[in-house]
Amino acid sequence: MNKLKCRISILFFVFQICIGANGMAQKSSNNAQSFDKRERQIVAISSLTAKGDLVSLNQALHGGLDSGLTINEIKEVLVHLYAYTGFPRSLQGLNTLIAVLNDRKAKGIKDNVGRTASPVSDGLSRYERGKQVLETLTGQKESANKTGYAALSPEVEVFLKEHLFADLFTRDVISYADRELATISALINLGGVEPMMQSHMRIALNIGFTQNQLSDLISVIEHRVGMQESEAGRKGLQKVAGKAEENQPGNKGANVYAKGVKAPPANFTGTVWVNMLVLDQEDLDVSIGSVTFEPGARTNWHRHPGGQILLVTEGKGYYQERGKPLTMMQKGDVIKCLPGTEHWHGASPGNKLTHIAIGPNTDKGNAVWLERVTDEEYKNFK
Ligand code: MN
């Protein structure tokens, strides 16, 4: 199968099948909620600025102002972005903002200008200040030993500290959190900068974002920009999230594979996590993912044109084919689902379930998703 088809089927697998690992842990209770309107607008504005899609950016800027972002906050996001997308994209963003503000003024809309940046008076050199900001963001001491690009080009390392992390980050018109949302969104949409994208995802987790929230960020990109971009973001988050989870005390051994990232809700009821272990590729028409269902979570009714094999690695749950009675499944069970058979699977009401979902014959097409498994249907099998 060709590269594009391959890409699309990976995408559909991640979106449509499931997610993997053991549940609990990982998010602190105080910030487990999803993004608010304002945060979604920052993601949209930053993504579209990075893309240079000025028509959609115009709409996003209206949306941002309507959702309560001040003019100065939006301006700050667009200025911040020059460090990541370059002056041309940043200035095009600011030009688009001028047009939007003129348009709104003509319509009699009064937007809130908002506050300006407080003066900085910490007595530090710009380099020291930038270094401290960076250490706060990463949660790690900066080493005096310069390696990689910083060894090759000490001047670029100074520019980065003095200008980006001192001059820009210390402008308190927007928070570090807002800046990281803008940065991650821009880097996902730029493409080809995975190490930076992942390091900013780690920074976001360090300053209090949850994996759920970063999943939400990626869903906003899927909705406002496209699936190719969101797929790149999801892959990056999966790597970062997998490592973060391994490092959680007590998580080793609960499940062989990390839980992965939250699946978009369209084809599932409840919370479901997916960790893609083997992505479909040329000459090997199979996809393998570890999928974890929280108690009560389940797939919609669906069928796989190439069939599916489920290897249950943890917990207890249900599997049912259309017109047949429910089957209980638990750790160690192997379920074979023939090509084209309509079915659903998920956790029981009181247990999590993790299974490895093997999708053979991927060249026959992606899963076909049908209606939700209603509470009524699900309860019949308690
Ligand atoms: Mn299935």
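The model shown is predicted, which means the values in this text are computed figures rather than measured ones.

A. Spotlight on the overall build of the chain. Looking only at helices and strands, one finds 14 helices and 12 strands in the chain. Relative to its 382 residues, the chain shows a buried fraction of 48%. Accessible surface for the chain amounts to roughly 17700 Å². Of this, 54% is attributable to carbon and sulfur atoms.

B. Local environment of the nonpolar core. If you look at the biggest cluster of nonpolar residues, it comprises 49 residues, and the most contacted ones within it are Ile 45, Ile 74, Phe 165, Ile 188, Met 201, Leu 214 and Leu 217. Residues contacting Leu 214, with those up to four places away along its chain left out, are Ile 184, Met 201, Ala 204, Leu 205, Phe 209 and Leu 237.

C. Region of the structure containing the packing of helix H2 (residues 37-51) against helix H4 (residues 71-80). Remark: H2 packs on H4, axes separated minimally by 10 Å, with the N-to-C direction vectors making an angle of 40 degrees. On the basis of their axis angle, the class for H2 and H4 is oblique. For the pair H2 and H4, the sense of crossing is right-handed. Two secondary-structure elements touch here, H2 through Arg 38, Ile 42, Ile 45, Ser 46 and Thr 49 and H4 through Glu 73, Ile 74, Val 77 and Leu 78. Partitioning the contact of H2 with H4 into residue classes produces 5 nonpolar, 2 polar and 2 charged.

D. Summary view of the pairing of strand S10 (residues 343-347). When you tally the buried positions in S10, you get 5 out of 5 residues, the bulk of the element. With 5 bridges joining them, strand S7 (residues 308-321) and S10 adopt antiparallel strand pairing. For Tyr 319, the partnering residue across the bridge sits in S10 and is His 345.

E. Layout of the confidence of the model for the chain. Summary statistics for the chain give a mean pLDDT of 86 and a share of 87% for residues scoring 70 or more. Contacts from residues 1-32, a stretch scored under 50 in pLDDT, to residues over four places away or in other chains number 120 contacts. Confidence drops under a pLDDT of 50 for residues 249-253, and excluding neighbours within four residues, the segment shows 4 contacts in the predicted structure.

F. How the structure looks around the environment of Glu 194. Take Glu 194: it is sitting in helix H11 (residues 194-206). For Glu 194, a relative accessible area of 34% translates into the label partly exposed. Taking the C-alpha atoms as reference points, Glu 194 and Gly 236, 42 residues apart in sequence, are found 6.9 Å from one another.

G. View of the packing of aromatic side chains. Under the defined criterion, the tally for this structure stands at 7 aromatic pairs. With a centroid separation of 5.6 Å and an interplanar angle of 55 degrees, the aromatic rings of Phe 268 and Trp 369 are classed as tilted. A residue pair is termed long-range when its members are at least 10 positions apart, and Phe 268 in strand S2 (residues 268-269) and Trp 369 in strand S12 (residues 368-369) qualify at 101 residues. You'll find Phe 268 and Trp 369 in the same group, each marked buried. Grouped by ring-pair contacts, the aromatic residues Phe 165, Phe 169 and Tyr 176 constitute a single cluster. Lying over the aromatic face of Phe 169, Arg 179 brings its terminal NZ or CZ to 5.8 Å of the ring centre. Between Arg 298 and the ring centre of Tyr 378, over which it is positioned, the NZ or CZ distance is 4.3 Å.

H. Focus on helix H10 (residues 176-190). The terminal C-alpha atoms of H10, which comprises 15 residues, lie 21 Å apart, in line with the 21 Å expected from a rise of 1.5 Å per residue. Buried within H10 are the following residues: Asp 178, Arg 179, Glu 180, Leu 181, Ala 182, Thr 183, Ile 184, Ser 185, Ala 186, Leu 187, Ile 188 and Asn 189. A positive backbone phi angle near 75 degrees is found at Gly 191, which sits one or two residues after H10.

I. Region of interest: the coordination of the manganese ion. Protein coordination at the manganese ion comes from His 302 (NE2), His 304 (NE2), Gln 308 (OE1), His 343 (NE2) and His 345 (NE2), with a distance range of 2.1 to 2.2 Å. Sequence spacing among the residues donating to the manganese ion works out to H-x1-H-x3-Q-x34-H-x1-H. Of this pair, His 302 sits in strand S6 (residues 302-303) while His 345 is found in strand S10, placing the two residues 43 residues apart along the sequence. What makes His 345 buried here is its relative accessible area of 0%.

J. Up close: the pairing of strand S3 (residues 272-278). Where burial is concerned, most of S3 is hidden: 5 out of the 7 residues are buried. Where strand S1 (residues 261-262) and S3 come together, 2 bridges link them in antiparallel fashion. In the sheet register, Val 261 faces S3, and the bridge partner there is Val 274. When S3 meets strand S4 (residues 286-293), the two strands line up antiparallel, connected through 6 bridges. If you follow Val 278 over to S4, its bridge partner there is Ile 288.

Rules behind the numbers
Residues numbered from 1 in each chain as written. Predicted model: local features only at pLDDT ≥ 70, side-chain atom pairs only at ≥ 80, totals over all residues. Heavy atoms only, no water. Helix = DSSP H or I, 4+ residues; strand = E, 2+ residues; numbered from the N terminus. Buried < 20%, exposed > 50% of the residue type's maximum accessible area, 1.4 Å probe, protein only. Areas by Shrake-Rupley, 256 points an atom, 1.4 Å probe, with all protein chains shown as cover. Core = buried A, V, L, I, M, F, W, Y, C linked by side-chain atoms within 4.5 Å. Contact = heavy atoms within 4.5 Å. Axes fitted to C-alpha atoms, helices over the stretch in contact; angles between N-to-C directions. Parallel < 35°, antiparallel > 145°, perpendicular 65-115°, else oblique. Left-handed = near helix turned anticlockwise from the far one by under 90°. Nonpolar A, V, L, I, M, F, W, Y, C, P; charged D, E, K, R; others polar. Pairing = 2+ DSSP bridges. pLDDT = per-residue confidence, 0-100. Phe/Tyr/Trp six-rings, centres within 6.5 Å; stacked < 30°, edge-to-face > 60°. Lys NZ or Arg CZ within 6 Å of the ring centre and 35° of its normal. Expected span 1.5 Å × (residues − 1). Donors = N, O, S within 2.8 Å, 3.2 Å for Na, K, Ca; no water.

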